Amino acid sequence: MNYHWNWHIFFEPNPTGAGTYLDMLLSGLWLTIATSLCAWIIALITGSMIGVMRTLPSKPANLIGFAYVEFFRNMPLLVQIFLWFFVLPELLPNAWGLWLKQLPHAPFYTAAIGIGLFMSARVAEQLRAGITSLPRGQKQAATALGLTTTQSYIYVLLPIAYRIILPPLTSEFLNTIKNTAVAITIGLLELTGQARSMQEFSFQVFEAFTAATVMYLAINIVVVVAMRLIERRVAIPGYISGK
Amino acid sequence: MIEISHVSKWYTPIFQALKDCTTSVAKGEVVVVCGPSGSGKSTLIKCVNALEPFQEGSISIDGIQINDRKTNLPKLRARVGMVFQHFELFPHLRIIDNLCLAQEKVLGRKHDEAVGKAMKLLERVGLKDHAQKFPAELSGGQQQRVAIARALAMDPIAMLFDEPTSALDPEMISEVLDVMVDLAREGMTMMVVTHEMGFARKVAHRVIFMDKGEIVEDAPKQDFFGKPRSDRAQKFLSKILSH
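Residues numbered from 1 in each chain as written. Chains lettered and ligands numbered in written order. Predicted model: local features only at pLDDT ≥ 70, side-chain atom pairs only at ≥ 80, totals over all residues. Heavy atoms only, no water.

## A few points about the packing of helix α1 (residues 21-53) of chain A against helix α9 (residues 205-234) of chain A
Residues and elements named next belong to chain A. For the pair α1 and α9, interaxial distance at closest approach is 11 Å and the crossing angle is 35 degrees. Seen from above, α1 lies across α9 with right-handed handedness. Seen from α1, the contacting residues are Leu22, Leu25, Leu26, Leu29, Thr32 and Ile33; seen from α9, they are Ala208, Ala211, Met215, Tyr216 and Ile219. Residue classes in the contact of α1 with α9 are distributed as 10 nonpolar, 1 polar and no charged. (Axes fitted to C-alpha atoms, helices over the stretch in contact; angles between N-to-C directions. Helix = DSSP H or I, 4+ residues; strand = E, 2+ residues; numbered from the N terminus. Left-handed = near helix turned anticlockwise from the far one by under 90°. Contact = heavy atoms within 4.5 Å. Nonpolar A, V, L, I, M, F, W, Y, C, P; charged D, E, K, R; others polar.)

Encoded structure:
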């Protein structure tokens, strides 16, 4: 292989005129972090609501939850992002579509919401599994004490269920971060996007993607460590992961 | 206090769990419900505070119809204590918080007031020193005593016990029964599903024998243990009393 390695490339100015190649990658890194966090918050909130709906005794709530989960988890993420970005504005009334297309940072919002909704279906299924894994008697005990359904979820079922599903939730958070790379297809210059443009400008493909890989690894390690700390903090003495 | 009249329940169109059950528990009365497993005794007691729905008949507590759509079920349930076979303490809450949760969220008591009440009851069941522990750190017998205290913290007008000693090791049964005997002697209205015939002999006023979803025998204690009228009750008694 006749490849000219040049690790100094990171400190050379990039052709956009705004700092070095490293600055370029770092700006991608921040965008990846921002997109992931927004997407994860959306996934957690909507996923929790849908997951709870799927465990309620109400048939309509169940049906809505079921349809939601199947819609979002059975379509490739890439297709969903394209749908939100290219198809949705055309389906809306003209004025709205135009407004959407002209929205500043449209790729960022589309990626955050699109990935968030895609991941929410997965969070919903995790939470449903967590809630249904609890003994039936827990709900009955809460109900027998006079707690309403909402109260028994808030004070009894959810605090236990979330603790049970913390380890798989960690995986889902990591997936969310990795999935933001898909946003490159709608023009979001996140980490993968910036690595690609660095490659195109400098032809230093290995350096660019090595750096990107290290950065992805670093974010994910931070997440893994943070989630482990949370797991330990909320562990119940004598129960599941508690000591 | 508790009026059960002509209650029938089907789990599926062909499987009838309760067949035309009629009985009552007067204020201050202790009624023991016994019968072979699968006879519907747990189902019946869960129907009393509407944890299980039923299709026909009616149940009223203190004059309030539980199968009336207008009845505020959480409010009614808060006035009826229930103790489960598997304790069903909330594993993520300390013992003291297990006792305070419903007092605060359902009855609206101030935290200090709830804690005061809880500590008094824990002292009564002999577990004051365990207030800051988590349920999984207690033995089965201790957990069940906490569960009784949790139900009593709501100042119930009646107590329902669903096989409170069936999940306990033999040496722990008596510590739970002692608490129940004290309660009965204080005049608490109690409906108890149990196989502990010793308990029935000691404090029950009436014994109900169920088989295949029917109330086969409903007799004062002396009559039931003296000479049950039905063959099935006689056979049942001879089996469980012979050891």
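## As for unusual backbone geometry
Backbone geometry at phenylalanine 203 of chain A places phi at a positive 65 degrees, although glycine is not the residue there. Structurally, the position occupied by phenylalanine 203 of chain A is in the loop between α8 (191-202) and α9. With phi around 50 degrees, aspartate 62 of chain B is a residue other than glycine that occupies positive phi space. Examined against the element boundaries, aspartate 62 of chain B turns out to sit in the loop between β4 (56-61) and β5 (64-65). The class for aspartate 62 of chain B is partly exposed, based on a relative accessible area of 39%. (Buried < 20%, exposed > 50% of the residue type's maximum accessible area, 1.4 Å probe, protein only.)

## A few points about the packing of aromatic side chains
All names here are of chain A. Enumeration over the complete set of coordinates arrives at 15 aromatic pairs over all chains. Each ring, one from tryptophan 40 and one from phenylalanine 173, has its centre 4.8 Å from the other, and the planes form 5 degrees; the classification is stacked. With a gap of 133 residues between them, tryptophan 40 in helix α1 and phenylalanine 173 in helix α7 (residues 149-179) connect regions that are remote in the sequence. The pair tryptophan 40 / phenylalanine 173 is uniform in exposure class, with both members buried. An angle of 50 degrees between the planes, with centres 4.6 Å apart, marks the rings of tyrosine 68 and phenylalanine 72 as tilted. Linking tyrosine 68 with phenylalanine 72, this pair stays in helix α2 (residues 59-73), spanning 4 residues, or about one helical turn. In this structure tyrosine 68 comes out as buried when scored by relative accessible area, which is 17%. (Phe/Tyr/Trp six-rings, centres within 6.5 Å; stacked < 30°, edge-to-face > 60°.)

## Here's the deal with the interface of chain A and chain B
Counting residues at the interface gives 23 residues for chain A and 24 residues for chain B. Connecting chain A to chain B are 1 salt bridge. Among the ionic pairs, arginine 136 of chain A bridges to glutamate 52 of chain B, the shortest N-O distance being 3.6 Å. Remark: the boundary between chain A and chain B carries 5 residue pairs in polar contact (both at pLDDT 80 or more). For the side of chain A that touches chain B, the secondary-structure elements that each account for two or more residues are α6 (136-144) and α7 of chain A. Counting residues per element, the side of chain A that touches chain B draws most heavily on α6 of chain A, at 8 residues. In the side of chain A that touches chain B, the residues fall into 13 nonpolar, 8 polar and 2 charged. (Salt bridge = Lys/Arg side-chain N within 4 Å of Asp/Glu carboxyl O. Polar contact = N/O pair within 3.5 Å; in protein donor to acceptor, adjacent residues only side chain to side chain.)

## Some thoughts on the side chain of glutamine 144 of chain B
Residue and element names in this part refer to chain B. Tracing the chain through its elements places glutamine 144 in helix α5 (residues 140-152). Assessed through its relative accessible area of 0%, glutamine 144 is described here as buried. Within polar-contact distance, the side chain of glutamine 144 engages the backbone oxygen of phenylalanine 84 at 2.7 Å. There is a polar contact of 2.8 Å between the side chain of glutamine 144 and the backbone oxygen of proline 164.

## Describing the packing of α2 of chain A against helix α5 (residues 106-132) of chain A
Residue and element names in this part refer to chain A. Relative orientation of the contacting elements α2 and α5 amounts to 130 degrees, with a least axis distance of 8 Å. Judged on the interaxial angle alone, α5 and α2 are oblique. When the axes of α2 and α5 are compared, the crossing they make is left-handed. Contact residues: Tyr68, Val69, Phe72 and Arg73 in α2; Leu117, Phe118, Ser120, Ala121, Ala124 and Glu125 in α5. Per-class residue counts for the contact of α2 with α5 are 7 nonpolar, 1 polar and 2 charged. (Parallel < 35°, antiparallel > 145°, perpendicular 65-115°, else oblique.)

## A few points about the sheet that holds strand β8 (residues 190-193) of chain B
Residues and elements named next belong to chain B. A sheet is described by the order of its strands in space; here 6 strands give the open sequence β6-β7-β8-β3-β9-β10, paired in mixed fashion. Among the strands making up the open sheet, the edge pair consists of β6 (80-83) and β10 (214-220). The average angle at which neighbouring strand axes cross in this sheet is 15 degrees, direction not considered. (Pairing = 2+ DSSP bridges.)

## A closer look at the environment of valine 223 of chain A
When you line up the elements, valine 223 of chain A lands in helix α9. Contacts of valine 223 of chain A, omitting those with residues within four sequence positions, involve Phe173, Leu174 and Ile177 of chain A.

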